[in-house]
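# Structure assessment
Single-letter residue listing:
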Amino acid sequence: MDSARALGPGLGASAGGEGLIRRRRRRWLRGAGLAVAVAVAATAGAAWALYAKLDGNITPDDAAAAELARYEKERPTSLVKDAQNILLIGSDSRSGDENARYGRDSGTERSDTTILLHLSAGRRTATAVSLPRDLMVEVPACLGSDGTRGEPAFTMFNSAFQKGGSACTIRTVEKLTNIRVDHHMVVDFHGFKDMVDAVDGVTVCLDEPINDKAAKLRLPAGRVTLDGEEALGYVRARKSLGDGSDTERMDRQQRFLGALVHKVQSNDVLLNPVKLYPVLDAATSSLTTDPDLASLRGLYELVRGLRHIPTERVQFLTVPREPYVGDANRDQLAEPEARRLFERLRKDAPVKVTEKAPKFSEHSHDEEPYGESENESAAPTFRGNTAAEDSCG
């Protein structure tokens, strides 16, 4: 018989012996293990809940996908693998409690701001091209929200969104530029404001004080950090700021977006979960996208490489245009500059921006091969700015 058993409850099994210590240790380890398992499960559950909430925020634009599929044969083809073109549409919808304060809800909406964002293959550059809302373009026959299909029309660009939503806008852009739109995003006023507030505001520099009752904007001159409400008024105001032109308004929007990009990158938002979550929540809550992007996984795949693009390679410009011959209050494309810009983006060839761009020759042509050229010195220059520029100088 084992000597410990022979001794019974004495040596090695008493309340003060090693056996009790071992039993207590085992109970503690089992308890600690259970606590860790519960903590891990709770953390995983919380993480999944947060993921599910963000994932559910995004609205898939299934109707646009169906309409675009109907016209697939007439759409441009992509020339460069891995290059991406995303159409960003700012809706002026007044529907909903948050948007109603900006005007009467007429039951229709137009694209207040439209930007064609080109991401180069390898994600070395990002080029955002503003398309003026007053640009005169050919809008195709589009399916309206009432189920009827309208007639083709030569009209202002922003009416395409009113006629047939994002699908009509995409088809109009593709006919205008011959560039394939791979993805699209639609965001309303409320989503824009929340995005700015989520990064604790965006700093801009004002040459003079602003007092705009229509935009509900009252700001001092100098360096100012705008919250969401102020930022919305700042990028939408037109007649009371600068020379009152749409050109000035688009320039202001581009400078603001550059400052927003700079703020996100400089604050390490993309690498800090605590900072990233409110930004993602704001960005997705009022977002409608094509089905491929309508999930966190889809958005992650899109933006994964963007954080590595230097701010000096994030460029903003407006498509070259001039007063429309039939109405000086409307715009038309300025050729050959516009055609050359579209050709370069379609072929993923580099472009450069500066405050003052040189004029193009009528006989200029593009010999760049498909894919972004390593020699950027010969790239044409357009009027614009980068996210690295400080408006305060």
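The rules behind the values
- Residues numbered from 1 in each chain as written.
- Predicted model: local features only at pLDDT ≥ 70, side-chain atom pairs only at ≥ 80, totals over all residues.
- Heavy atoms only, no water.
- UniProt positions renumbered as here; feature names shortened; annotations may be inferred.
- Phe/Tyr/Trp six-rings, centres within 6.5 Å; stacked < 30°, edge-to-face > 60°.
- Helix = DSSP H or I, 4+ residues; strand = E, 2+ residues; numbered from the N terminus.
- Buried < 20%, exposed > 50% of the residue type's maximum accessible area, 1.4 Å probe, protein only.
- Axes fitted to C-alpha atoms, helices over the stretch in contact; angles between N-to-C directions.
- Parallel < 35°, antiparallel > 145°, perpendicular 65-115°, else oblique.
- Contact = heavy atoms within 4.5 Å.
- Nonpolar A, V, L, I, M, F, W, Y, C, P; charged D, E, K, R; others polar.
- Core = buried A, V, L, I, M, F, W, Y, C linked by side-chain atoms within 4.5 Å.
- Salt bridge = Lys/Arg side-chain N within 4 Å of Asp/Glu carboxyl O.

The protein is annotated in an unreviewed UniProt entry as LCP family protein of Streptomyces doebereineriae. Regarding the protein, the UniProt comment filed under Sequence similarities (unreviewed entry) reads as follows: "Belongs to the LytR/CpsA/Psr (LCP) family."

### Let's talk about the packing of aromatic side chains
Across all of its chains, the model carries 3 aromatic pairs by this definition. Ring geometry for Phe192 and Phe256: centres 5.8 Å apart, planes at 45°, overall tilted. Taken together, the residues Phe192 in helix α6 (residues 189-198) and Phe256 in helix α8 (residues 246-266) connect sequence positions 64 residues apart. Accessibility assignment for this pair places Phe192 and Phe256 in one class, buried. The interplanar angle of 55° and the centroid separation of 6.4 Å between the aromatic rings of Tyr234 and Phe256 together place this pair among those described as tilted.

### Side note on the packing of α6 against helix α9 (residues 273-285)
Running from N to C, α6 and α9 point in directions that differ by 170°, and their axes come no closer than 8 Å. It follows that α6 is roughly antiparallel to α9 by the angle criterion. Between α6 and α9, the contacting residues are Gly191, Asp194, Met195 and Ala198 on the first element and Pro278, Val279, Ala282 and Ala283 on the second. A per-class count over the contact of α6 with α9 returns 6 nonpolar, 1 polar and 1 charged.

### Some remarks on the nonpolar core
One finds Leu87, Val319 and Leu341 to be the most contacted residues of the largest nonpolar core, which totals 31 residues. Elements with a minimum of two residues in this core: α3 (62-70), β2 (84-91), β5 (136-139), α5 (159-177) and α11 (337-346). The greatest single-element share of this core, amounting to 6 residues, is contributed by α5. Residues contacting Leu341, with those up to four places away along its chain left out, are Val129, Leu317, Val319, Pro320, Val351 and Phe382. Judged by nonpolar contacts, the second largest core, of 25 residues, contains Val202, Leu217, Phe256 and Val264.

### Looking at the pattern of salt bridges
Side chains that differ in sign of charge can pair as their charged atoms come close. Applying the stated criterion to the full structure yields 13 salt bridges. Here Arg75 and Glu174 are joined by a salt bridge, their closest N and O atoms 2.7 Å apart. Here Arg75 is found in the loop between α3 and β2, whereas its partner Glu174 is found in helix α5, with 99 residues between them in sequence. The exposure class assigned to Glu174 is buried, which follows from its relative accessible area of 5%. Linking Glu229 and Lys193 is a salt bridge whose minimum nitrogen-to-oxygen distance equals 3.1 Å. Remark: Lys193 occurs in helix α6 and Glu229 occurs in helix α7 (residues 228-236); sequence separation between them is 36 residues. Through salt bridges with shared partners, a single network forms among Glu72, Arg75, Glu174 and Arg180.

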